[in-house]
Amino acid sequence: MTVLEHTRAPQTEAGRRRSPLGSRWTPYLFLAPAALFIAIFQGVPLAQQVFLSFTKTSLLNPTNSTWVGLENYAHIFGDDDFRRTLLITLVYVVVCVVGSVGSGLLVALLLNRGFRGRGVARALVTVPWAAPAIAVALIATWMLNPQYGIVNRFLDAVGLGVAGGAILDSQTYALPAILVTTTWQLFPLASVVLLSALQGVPKDLTEAATMDGAGRWWTFRAVTWQVIKPTVGLLALLMTIWSIRRFELIWLMTKGGPVGSTETLVIDLYAQAFDSKQLGTAAAIGMVGVVISLIVIAGSRFVARAAEKENTR
Amino acid sequence: MSRLRIGLTLRIVTVLFVIGIAVFPLYWMFVTALSSDSDLFAADARLFPDFSQFTGFVDALTGGDTLRWLRNSLVIAAGTTVLSIGLGIPLGYALSRFSFVGKTLMTVALLLTQMLPEALMVVPLFALFNRFDLLDSLTGLILANSAFVLPIVALILKGAIDGVPRELEEAGRVDGARPFTMLVRINVPLIAPSIAAAAVIAFFHAWNEYVFAVTFIYAPQMQPASVGIASFIGEVGTPVQTVMAVAFMFTLPAVAFYLFAQKYVVAGMTAGAVKG
């Protein structure tokens, strides 16, 4: 890739030398407005949060910060509540990613066979992904309403009813309810993306494997899985990062409660900033989330490289 | 033969079951909006909409709040779309066509913005907007939303421009066209489908956005629909039918447009992320 660009560079350079604007500075002219914009509205705020995480700052008097070094970090990591928050975040991310990529793959395999009305089926399955999180939180809360919610009526009817029906007020059932809602919203994206990856599986290979008497599972593992593996990896990575930062759905359904049983990092961060008014602690919590995301990204690159090496061998 | 038929039937049933799971909540939103009070609170739930009970929709449309909310959302979403596409096209072009110092850094920075939670950025942006008098204004929300969606838009458009043959530009270059002219005349028309997809993503990112809107807007007349609808959660004063009617009108455009643009959105997202 880089080699290609190198060999091409002199040629285009010569063609454009006449006008000074068409030379080395051209790319910077094109990207300057966007880069400046991102720097102002993402870069500077991020830098401010990094700084804030080393200070004690109140929301009520935000211009008055006291430098406290690593105290905020020491404080949160020494806090049992924060460790529980980390654990809940881990559970939330792992279940959502595995659940939505797993069910997305099953649905993609189901829709990958040719049948009449496949286009319609594919479109309808995508609906949850397209629905705004606010609307999803609203309808989920209504469906889970203790007295009149359809979910409780259904659970009662099949004999699995939760006593009192207050699923979102229960420390046991609130998190599962949020996990199911998130997975419901995420699996369509996985299935649509995997469906397009499945188009890349060579038909003659799967047919040859079946003809040789290979079972479906074997064919899937030996042929299909090898083709879609990178896409699955990419989806898992994207969904992990998105799940770490997901806010609306959880906030609007439970606000992290009851008793912190659905409190993920981002919920904790928001509550620290706006309920406890501790901007420094909030920023430190946010930084932990960012660093975790960075580690996930770096780790995935490492795994992808190792897999690549394995393949070329 | 019969085994085949059983397999086929089983597959059809499974597909219908999956579709049912996917669409039921939104269907239920619609049914609830079109329910009489007695059906809503009866022991047996009514599973089909009752089209004679449309007061929820009438209330939603005549109450005044709904239309204003939707109008504000429309302004924010349209502004975000124009701004992020306007900045995203040249950025995507620079990333696709040129090799320059800092290119890798720029690409990595764009990808890294994907992991910054809005909830983390809301405090410093609040301070920034406070200083420049952008609180309680739709302009502030347009700026904040554009900053969050611009990286995705730029990566999608970069992927699209990657697909335009360079030969087309070489021809223009011989005629003495400047890079900017070539971008507008040659590339933009060719990547129109991807621009449309990126526009859909940008529009509904802003349409759905909640955290910034709820934090930066105080005046009720400036509230977008996301904040208005969220305020219904846990509130008991408004009839459930009206609430669901408003939410349905908020949801329908998002679902319709995403379905329309789905092919391009998926292609753009995977291309942007894989190649980025």
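Residues numbered from 1 in each chain as written. Chains lettered and ligands numbered in written order. Predicted model: local features only at pLDDT ≥ 70, side-chain atom pairs only at ≥ 80, totals over all residues. Heavy atoms only, no water.

Visitor: Hey, could you run me through the pattern of salt bridges in this one?
Guide: Where charged atoms of side chains with opposite charge meet at close range, the side chains can pair. Residue and element names in this part refer to chain B. Under the defined criterion, the tally for this structure stands at four salt bridges over all chains. A salt bridge links D65 to R68; the shortest N-O distance between them is 3.2 Å. Here D65 and its partner R68 are both found in helix α4 (residues 65-97), three residues apart, which amounts to about one turn of the helix. Using a relative accessible area of 36% as the deciding quantity, one classes D65 as partly exposed. Residue classification places R68 among the partly exposed positions, given a relative accessible area of 27%. In this structure, D162 engages K158 in a salt bridge whose closest nitrogen and oxygen atoms are separated by 2.9 Å. Highlighted residues: D162 and K158, both in helix α7 (residues 138-162), separated by four residues, approximately one helical turn. (Salt bridge = Lys/Arg side-chain N within 4 Å of Asp/Glu carboxyl O. Helix = DSSP H or I, 4+ residues; strand = E, 2+ residues; numbered from the N terminus. Buried < 20%, exposed > 50% of the residue type's maximum accessible area, 1.4 Å probe, protein only.)

Visitor: I tried to follow the pairing of strand β2 (residues 61-67) of chain A on my own but got confused; where do I start?
Guide: Residues and elements named next belong to chain A. Judged from the three bridges that link them, strand β1 (residues 55-58) and β2 form a sheet pairing that is antiparallel. Its bridge partner lying in β2, S58 is registered against N61. Linking β1 to β2, which pair antiparallel, is a turn of two residues. (Pairing = 2+ DSSP bridges.)

Visitor: In this structure, what is going on with the domain arrangement of chain A? I would like to understand it.
Guide: The figure often quoted for interface size is the accessible area lost as the parts come together. Residue and element names in this part refer to chain A. By the assigned domains, chain A splits into domain 1 (2-52) and domain 2 (73-312). Relative placement of domain 1 and domain 2: their C-alpha centres are 36 Å apart. In this complex, domain 1 contributes four residues to the contact, which on the side of domain 2 involves four residues. In this assembly, domain 1 and domain 2 are joined by zero salt bridges. Linking domain 1 to domain 2 there are zero residue pairs in polar contact (both at pLDDT 80 or more). Looking at the side of domain 1 that touches domain 2 residue by residue, the class counts come to three nonpolar, one polar and no charged. (Domains from an automatic or database assignment. Contact = heavy atoms within 4.5 Å. Polar contact = N/O pair within 3.5 Å; in protein donor to acceptor, adjacent residues only side chain to side chain. Nonpolar A, V, L, I, M, F, W, Y, C, P; charged D, E, K, R; others polar.)

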